[in-house]
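Observations on the three-dimensional arrangement
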Amino acid sequence: MSHGCRHSFQISCSSEDRVRPSAIFQGGSETGQRPSPRSFAERFVELSQERSPLSLGLDPSEDLIRHWGLNDTVEGMRWFCETVFDAASDRISVVKPQCGFFERLGPGGMEVMASSIARAKSQGSLALIDCKRGDFSRTMTGYASAMLGEDSGFGGDAMTVTAYLGLDALQPVFDRAVHCGAAVFVVVRSSNTDGHSLQKASHGDGRTVAETLADSITAINARSGKTVGHVGAVIGATIDPADNTILDRLPLSLVLAPGVGAQGAEIADVKAKFGSAIQRTIPSVSRAILKHGPSVAGLKEAIDRYRDQAWAAVCSTP
């Protein structure tokens, strides 16, 4: 299927208006010098022009592996992941391995995650490790070295984190992201309802916890001098429309939007709720695609269907 607007993802749907990503994401005047290393945001926008902004969640859960008729073993998990990559090929911009589903099988499962990240990158995709780490700053230094950058333990291009121990505790991860051109996605409003009472709790100044986090993220990105910074936000695709003003507080962030498919949201819902932020949004689909395995053809069809929807959401936004 042809997508005439896909090569101008974040600006418009006219190829004549296309602006080079280096000009978009550096901020300030054009210097003619490409930043080194290139940021996650720059790499993502280029890939999204070719492949759509869709993220494929790689969730080798026990129920999905058994649904495929496989044994829930390390080898079953490996076959599951390899089959997903055979279907994804060069169709996907971002692959999001859910760390918990690999960790549950111990060292063997983590080895499969490492090889899956390598496979994703060999196919030209960005690897966003969904590990939601959150700890004291000294410990976060270890997590950053484990997850982010070519010389890290797992070689990820981005990771998810939580800020319950304070946003400042995440500074080692932010610093490493800048150093290696990676990104960090902080959970601001999750797709599960369990966290909403905490995220909507109010500070003394009247702002909610989520709003305070969003404002702090924007302050960090503003100091980078780039139009889109290295600190992104996780905002669930299932967010109540009454709460979507949180996105207005994140003008300098990429937004990871999980919850499409099995959790009840559709990409059309993301477009309706996220407004102009859809241009910086990475909608993520996991089980709604993976349930179509082990058929490679079935997986490809599901991937292409959600890719088309993601392109339509972006290209039909003024």
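Here goes a summary of the coordinates provided. Fair warning: this is a prediction, and the values are worked out from it, not measured in the lab. (Residues numbered from 1 in each chain as written. Predicted model: local features only at pLDDT ≥ 70, side-chain atom pairs only at ≥ 80, totals over all residues. Heavy atoms only, no water.)

1. Let's talk about the packing of aromatic side chains
Selection criterion: Any pair of Phe, Tyr and Trp rings, taking the six-membered ring for Trp, is counted once the centres come within 6.5 Å. Such a pair is stacked with planes under 30 degrees apart, edge-to-face with planes over 60 apart, and tilted for the rest. Helix and strand definitions here come from DSSP, where helices need a minimum of 4 consecutive H or I residues and strands a minimum of 2 consecutive E residues; each element is numbered from the N-terminal end. Only protein chains enter the accessibility calculation, which uses a 1.4 Å probe; a residue is then buried when its area is under 20% of its type maximum, exposed when over 50%, and partly exposed in between.
A full pass over the atoms with the stated rule returns three aromatic pairs. A centroid spacing of 5.9 Å and a plane angle of 75° characterise the contact between Phe40 and Phe185, whose relative ring orientation is edge-to-face. One end of the pair, Phe40, is in helix H2 (residues 40-51); the other, Phe185, is in strand S5 (residues 183-189), and 145 residues separate them in sequence. Just as Phe40 is buried, Phe185 falls in that class too. Grouped by ring-pair contacts, the aromatic residues Trp68, Trp79 and Phe80 constitute a single cluster.

2. Overview of the packing of helix H4 (residues 74-88) against helix H13 (residues 296-315)
We count it as follows: Helix axes use the C-alpha atoms of the stretch in contact, all axes being lines fitted to C-alpha atoms, and the angles between their N-to-C directions lie in the range 0 to 180 degrees. With respect to orientation, any angle under 35 degrees is reported as roughly parallel, any angle over 145 as roughly antiparallel, any angle of 65 to 115 as roughly perpendicular, and every other angle as oblique. Here a crossing is taken to be left-handed if its near helix is turned anticlockwise relative to the far helix by less than a right angle, and right-handed if that turn runs clockwise. Two residues qualify as a contact provided that any one of their heavy atoms is within 4.5 Å of a heavy atom in the partner residue.
Packing of H4 against H13 brings their axes to within 8 Å, and their N-to-C directions diverge by 55°. One finds that H4 runs oblique with respect to H13. For H4 against H13, the interelement crossing comes out right-handed. Counted together, Thr83, Val84, Asp86, Ala87 and Ala88 of H4 and Val296, Leu299, Lys300 and Ile303 of H13 form the full contact between these two elements.

3. Digging into the pattern of salt bridges
Our working rule: What makes a salt bridge here is a side-chain nitrogen of Lys or Arg within 4 Å of a carboxyl oxygen of Asp or Glu, nothing more.
Inspection of every chain in the model, using the stated rule, returns 22 salt bridges. Among the salt bridges present, the one from Arg249 reaches Asp215, with a minimum N-O distance of 2.8 Å. Of this pair, Arg249 sits in the loop between strand S6 (231-235) and strand S7 (255-260) while Asp215 sits in helix H10 (residues 209-224), placing them 34 residues apart in sequence. The class for Asp215 is partly exposed, based on a relative accessible area of 23%. Through salt bridges with shared partners, a single network forms among Asp205, Arg207, Glu211, Asp215 and Arg249.

4. Thoughts on the side chain of Ser125
Quick note on the threshold: By the criterion applied in these results, polar contacts are pairs of N or O atoms within 3.5 Å in which, for protein atoms, one can donate a hydrogen and the other can accept it, and in which residues neighboring in sequence qualify only through two side-chain atoms.
By the secondary structure assignment, Ser125 is in the loop between helix H6 (106-122) and strand S3 (126-133). A polar atom in the side chain of Ser125 sits 3.3 Å from the side chain of Arg51. At 2.7 Å, the side chain of Ser125 forms a polar contact with the backbone oxygen of Ile92.

5. Observations concerning unusual backbone geometry
Following Gly293, the chain continues into Pro294 via a peptide bond in cis, with omega recorded as 10°. Relative to the helices and strands, Pro294 resides in the loop between helix H12 (287-290) and H13. Positive phi is not limited to glycine here, since Ser52 has a value of about 85°. Tracing the backbone shows Ser52 in the loop between H2 and strand S1 (55-58). Since its relative accessible area comes to 0%, Ser52 is described here as buried. Although it is not a glycine, Ser89 sits at a positive phi angle of roughly 45°. Look at Ser89 and you get partly exposed, because its relative accessible area is 31%.

6. Re the sheet that holds S7
As a reminder, the rule being used: Only when DSSP finds a minimum of two bridges between them are two strands counted as paired.
Read around the closed barrel, the eight strands follow the order S1-S2-S3-S4-S5-S6-S7-S8; overall the barrel is parallel. Looking at each pair of strands side by side, their axes are set apart by 30° on average, direction ignored. Where S3 lies against strand S4 (residues 158-161), three bridges are found, and the strand directions are parallel. Bridge pairing links Ile129 to Met159 in S4. The strands touched by helix H7 (residues 137-147) are S3 and S4; relative to S3, the strand with the most contacts, the crossing angle is about 155°. The sheet contacts of helix H11 (residues 267-274) involve S6, S7 and strand S8 (281-285), and relative to S7 the element is tilted by about 135°.

7. A closer look at the environment of Gln199
Structurally, Gln199 can be placed in helix H9 (residues 196-199). Distance from Gln199 to Val209, taken between C-alpha atoms, is 5.2 Å for residues ten residues apart in sequence. If we skip the residues at most four places from it in the chain, Gln199 touches Val188, Arg189, Ser190, Thr208, Val209 and Ala210. A polar contact of 2.9 Å, which involves the side chain of Gln199, links it to the side chain of Ser190.

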